[in-house]
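# Commentary on secondary and tertiary structure
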Amino acid sequence: MRLLLSALFAGAALAQQAVTWEDLPGLRLSNDKVDLTVLTTGGAMVELTLRDDAGKLSPLWNPIRMAREAGQKPQFGTSMGHFLCVDGFGNVSPEERGAGMPGHGEAHTLPWDTVSSGKQGKTLAITFGVKLPLVQEVLTRTIRLVDGENVVYVESEIESLVSFDRPLCWAEHATIGSPFLEPGKTVVDMSASRAKTRTYKDQGGGPLRHRFANFQDFTWPNVPGVNGETLDVRAAPTTLGFGDHTTCLMDPSRRLVWVTALHPDKRLLLGYVFRREDFPWTQNWENYPTNGKLARGLEFSTMPFDVPRREAVSLGTTFDAPTYRWLPAKSKVGSYFLMFYTRTPDGFRKVDEVTLEGGKLVVEDRAAGKRISLAASLPGI
């Protein structure tokens, strides 16, 4: 009996554990396939590793480690890894700044409460809650892991506490970083259609040059360059010192859309599947300094670029798609996405399709004639 109880408590400890990550408090959620670390302030998912990976390589952006390695001071606070931008994405207006509103909304700056946690059968679930006092909203987020699966299930809900309809700005700022992000090797694929480069006028000066032409339409992944050339931006360039930003309209013919980051040589693949009605856009923020500490955002969002709310609302639509989402008075809206991390077979070089059906998540490289099939048993998306 004592051995049985010891085994049960060991299993519970494995499933959820309080940790300190880069001197920040967090929780590590685990099953037999993956470990996921979530910060308890801001809720960022900051580390994702395979349990059988001796090197414990996480694809997620860690600017604290990267600054330390470069002999610099970290500048991003709790905005790292995959962090949540709500209600707000990007810079704020002068009036909002004067009222105390931070960039990228409040959620990534506040302590999150653990509302519930536990494991039923094969499924570990933890629910966080946080009130956003400046915008008068309540955010609830539930993260689930299922034994035997390489998939993280993330379900979120935002409740308005005010008595009027309001435009909502929401982005899942998924960001990959070095060493997983490697120049000329790590490639990004997505179910995108029309796309546009960002205008430079709202980005200010900086140490990084631009590769892309200013505010030009294109078809993913072939971006017009500043010198009239066409650039395939699936991979980071081998020559560094550049920074750019593009937006992609996710395929309007699909209910579920996807974005992936693949390192073919390391045979590791990170991916997301989400409902297009929740997030019509995926933004690529590219930050490629000469020191090789690279970051790239795969930011699926309600808006084409991270701009002040007033600007997003004024746009109304881009490519006939909305640039913000409505949050009705005293009501709730939600989102649901899957995050997966897995090894790939030899010769797997490109993601052509990701499908989710019948409890299986299937990823295909059609040119190579290879596919990955992952168990994804939970319904809901």
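Quantities reported herein were computed from a predicted structural model and do not represent experimental measurements.

## Quick word on the sheet that holds strand 27 (residues 360–365)
Read across the sheet, three strands follow the order 26-27-28 without closing on themselves; strand pairing throughout is antiparallel. Both outer strands of the open sheet, strand 26 (353–357) and strand 28 (370–375), are each paired with one neighbouring strand and no more. Ignoring strand direction, the axes of neighbouring strands in this sheet form an average angle of 15 degrees. Sheet topology note: the strand 27/strand 28 ladder contains six bridges and is antiparallel. Residue K360 lies in a different strand from strand 28, and its bridge partner there is A375.

## Examining the side chain of N31
Within the fold, N31 resides in the loop between strand 2 (24–30) and strand 3 (34–39). A polar atom in the side chain of N31 sits 2.8 Å from the backbone oxygen of V146. Among all residues touching N31, those that are not within four sequence positions of it are R51, L145, V146, D147, G148 and E149.

## Examining the pattern of salt bridges
If you walk through the whole model with that rule in mind, you get 28 salt bridges. Across the pair E155 and R144 runs a salt bridge whose closest N-O atoms are separated by 3.1 Å. With E155 in strand 9 (residues 151–160) and R144 in strand 8 (residues 137–146), this pair connects stretches of sequence that are 11 residues apart. A relative accessible area of 32% places E155 in the partly exposed class. If you follow the salt bridges from partner to partner, you end up with E182, K185, D265 and R349 in one network.

## Examining the pairing of strand 17 (residues 242–250)
Counted residue by residue, strand 17 has nine buried out of nine residues, so it is predominantly covered. Side chains F242, D244, T246, C248 and M250 project from strand 17 onto one buried face, and the interleaved G243, H245, T247 and L249 project onto a second face that is buried too. Sheet topology note: the strand 13 (residues 192–197)/strand 17 ladder contains four bridges and is antiparallel. The residue of strand 17 that forms the bridge with K196 is T247. As paired elements, strand 17 and strand 20 (residues 281–288) share eight bridges and run antiparallel to each other. Bridge pairing links C248 to T282 in strand 20.

## Looking at the sheet that holds strand 18 (residues 256–263)
The pairing of strands in a sheet comes from backbone hydrogen bonds and takes either a parallel or an antiparallel form. The strand order 6-7-8-9-25-19-18-12 describes an open sheet built from eight strands, whose pairing is antiparallel. Edge strands, defined here as strands with exactly one partner in the open sheet, are strand 6 (113–120) and strand 12 (187–190). Shown here is a sheet whose adjacent strand axes are inclined to one another by a mean of 15 degrees, direction ignored. Of the pairings in the sheet, the one linking strand 19 (residues 268–275) to strand 25 (residues 332–343) comprises seven bridges and is antiparallel in character. Within strand 25, the residue paired with F274 across the bridge is F337.

## Description of the environment of E69
Structurally, E69 can be placed in helix 2 (residues 63–69). For E69, the side chain forms a polar contact with the side chain of K293, separated by 2.7 Å.

## Description of the packing of aromatic side chains
Inspection of the entire model under this criterion finds 11 aromatic pairs. Ring centres of W281 and F319 lie 6.4 Å apart, and the angle between their planes is 35 degrees; this geometry places the pair in the tilted category. Of this pair, W281 sits in strand 20 while F319 is found in the loop between strand 22 (317–318) and strand 23 (321–322), placing the two residues 38 residues apart along the sequence. Summarising the burial analysis for this pair, W281 and F319 share the class buried. Within the aromatic cluster, the residues linked to one another by ring pairs are W170, Y272, F274, F279, F300 and F337. Stacked on the ring of F215, the Lys or Arg K196 has its end atom at 4.5 Å from the ring centre.

Calculation criteria
- Residues numbered from 1 in each chain as written.
- Predicted model: local features only at pLDDT ≥ 70, side-chain atom pairs only at ≥ 80, totals over all residues.
- Heavy atoms only, no water.
- Pairing = 2+ DSSP bridges.
- Helix = DSSP H or I, 4+ residues; strand = E, 2+ residues; numbered from the N terminus.
- Axes fitted to C-alpha atoms, helices over the stretch in contact; angles between N-to-C directions.
- Polar contact = N/O pair within 3.5 Å; in protein donor to acceptor, adjacent residues only side chain to side chain.
- Contact = heavy atoms within 4.5 Å.
- Salt bridge = Lys/Arg side-chain N within 4 Å of Asp/Glu carboxyl O.
- Buried < 20%, exposed > 50% of the residue type's maximum accessible area, 1.4 Å probe, protein only.
- Phe/Tyr/Trp six-rings, centres within 6.5 Å; stacked < 30°, edge-to-face > 60°.
- Lys NZ or Arg CZ within 6 Å of the ring centre and 35° of its normal.

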